[in-house]
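The lines below spell out each chain.
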Amino acid sequence: MDKCRKYPQQKEGFVILIVQHQRWMKEAIAEAHKAEALGEVPIGAVIVKNHEIVGRGYNLRETTHDATAHAEIIAIREASERLGSWRLLDCTLYVTLEPCPMCAGAIVQSRVPTVVYGTTDLKAGCAGTLMNLLQEPRFNHRTEIVDGIMQEECAALLTDFFRALRIRLKQSKLQNKED
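Cut-offs and rules
- Starting afresh in each chain, residues are numbered from 1 along the sequence in its written order.
- With pLDDT at 70 or above as the cut-off, local features in this predicted model cover only qualifying residues; side-chain atom pairs require 80 or more to be listed or tallied, and sums for whole chains, interfaces and linings still use all residues.
- Only hydrogens and water are set aside when side-chain values are computed; all heavy atoms of the structure are taken into account.
- One requirement defines pairing of two strands: DSSP has to find at least two bridges between them.
- A run of H or I in DSSP counts as a helix once it spans at least four residues, and a run of E counts as a strand once it spans at least two, with each numbered from the N terminus.
- Whether a residue is buried, partly exposed or exposed follows from its accessible area with a 1.4 Å probe, protein chains only, as a fraction of its type maximum: under 20%, in between, or over 50%, in that order.
- Looking down the strands as they point away from the viewer, one classifies a crossover as right-handed if the path from the first strand across the helix to the second runs clockwise.
- A fitted line through C-alpha atoms represents every axis, and for helices the fit uses only the stretch in contact; the resulting angles, taken between N-to-C directions, go from 0 to 180 degrees.
- Residues count as neighbours in contact if any of their non-hydrogen atoms are within 4.5 Å of one another.
- Nine residue types can take part in a nonpolar core, namely buried Ala, Val, Leu, Ile, Met, Phe, Trp, Tyr and Cys, and a core is a set of them joined through side-chain atoms within 4.5 Å.
- By definition here, a salt bridge exists when the distance from a side-chain nitrogen of Lys or Arg to a carboxyl oxygen of Asp or Glu is within 4 Å.
- Take the residue count of a helix, subtract one, and multiply by 1.5 Å to get its expected span.
- To count as a disulfide, a pair of cysteine sulfur atoms needs to be within 2.5 Å.

Colleague: So what's going on with the pairing of strand 2 (residues 52-58)? Residues and values would help.
Modeller: Of the strand pairs in this sheet, strand 1 (residues 44-49) and strand 2 are connected by six bridges, and their pairing is antiparallel. Of the residues in strand 2, the one forming a bridge with Val46 is Arg56. Taking the residues between adjacent antiparallel strands as the criterion, strand 1 and strand 2 are bridged by two residues, where Asn50 takes a positive phi near 55°.

Colleague: Could you give an account of the pairing of strand 3 (residues 91-97), with specific residues and numbers?
Modeller: The buried fraction of strand 3 amounts to seven of the seven residues, a majority that puts the element mostly inside the structure. As paired elements, strand 1 and strand 3 share five bridges and run antiparallel to each other. Along strand 3, the bridge assignment pairs Ala45 with Val95. Following the backbone out of strand 3, through helix 4 (residues 101-109) and into the adjacent parallel strand 4 (residues 114-119), one traces a crossover that is right-handed.

Colleague: Describe the sheet that holds strand 2, naming the residues involved and giving the relevant values.
Modeller: Within the open sheet, the five strands sit side by side as 2-1-3-4-5. Their pairing is mixed. Edge positions in the sheet fall to strand 2 and strand 5 (144-147), since each has one partner strand and no second. The average angle at which neighbouring strand axes cross in this sheet is 20°, direction not considered. Most of the contacts of helix 3 (residues 71-83) go to strand 2, to which it runs at about 145°, and overall it touches strand 1, strand 2 and strand 3. Across the sheet, helix 5 (residues 151-178) lies against strand 3 and strand 4, angled at about 60° from strand 4, the strand it touches most.

Colleague: Break down the nonpolar core for me, citing the residues and quoting the values.
Modeller: Judged by nonpolar contacts, the single largest core of 29 residues is most densely connected at Ile47, Ile76, Leu88, Leu93, Ile107 and Leu134. Within the residue set of this core, elements represented by two or more residues are strand 1, helix 3, strand 3, helix 4 and strand 4. What Leu93 contacts, discounting residues up to four positions off in sequence, is Val46, Ile47, Glu72, Ile76, Ile107, Val112, Thr114, Val115 and Val116.

Colleague: So what's going on with the environment of Cys91? Which residues, and what values?
Modeller: Within the fold, Cys91 resides in strand 3. In the structure, Cys91 is positioned 44 residues away from Ile47 in sequence and 6.4 Å away in space, judged by C-alpha atoms. Sequence-distant contacts of Cys91, defined by excluding residues within four places in its chain, comprise Ile47, Val48, Lys49, Leu83, Val112, Pro113 and Thr114.

Colleague: How would you explain the pattern of salt bridges if you had to name every residue and give the values?
Modeller: For the coordinates displayed, the defined rule picks out six salt bridges. Among the ionic pairs, Arg163 bridges to Asp160, the shortest N-O distance being 3.4 Å. Linking Arg163 with Asp160, this pair stays in helix 5, spanning three residues, or about one helical turn. On the basis of relative accessibility, which here comes to 43%, the residue Arg163 falls in the partly exposed class. Overall, Asp160 belongs to the partly exposed group, its relative accessible area being 42%.

Colleague: How would you sum up helix 1 (residues 14-37)? Please name residues and give values.
Modeller: Counted at 1.5 Å a residue, the expected span for helix 1 with its 24 residues is 34 Å, and the 35 Å between its end C-alpha atoms agrees. Where helix 1 is concerned, the buried positions are Ile18, His21, Trp24, Met25, Ala28, Ile29, Glu31, Ala32 and Ala35. Contacts from the buried residues of helix 1 go to strand 1, strand 2, strand 3, strand 4, strand 5 and helix 5.

Colleague: So what's going on with the state of the cysteines? Residues and values would help.
Modeller: Working definition of a disulfide: a covalent bond connecting the sulfur atoms of two cysteines. Here the structure, examined in full by the defined rule, presents zero disulfides. Not part of a disulfide, Cys103 finds its nearest cysteine sulfur in Cys100, a span of 3.7 Å. The exposure class of Cys103 is buried, given its relative accessible area of 0%. With no disulfide of its own, Cys126 lies closest to Cys100 among cysteine sulfurs, the gap being 7.0 Å.

Without other data, these values stay purely geometric and don't point to any function.
In structure tokens, the structure reads:
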């Protein structure tokens, strides 16, 4: 089985497919901005079925004090409720950051056939970076992976967030020393 594919190898419809992926990734980025506005790590996800968003989510771990409140999990829950099924067949999950082990497991369990993500996660990525749980041959379901859609924008969300966080922490330390 292939590892990750940057883009499908189809020639016909290739540009249309990329434009569609970008359209939905922009929606995931908008969800990430909602997380950022709350001081959360800016990660967003949407689930699309038949050219319609059926689930949305953004990172809420700090706000809810819930380690499972990742964007993908929230989007999966919303899509499952809306569709009335835990099986998210014929759906595509778009997420700004490569899924972690927990989210990859939830994706496999919910039978999402395709995951499109923006940027890799060098510390916890389980869609090919550290390991590939989405295409593990011993599981009963495997997911097609498309990576690198709007990679620069998705990576910049995280880079900018953590840069600003480090500055705030440094300023806070300096302030505490002065007091």
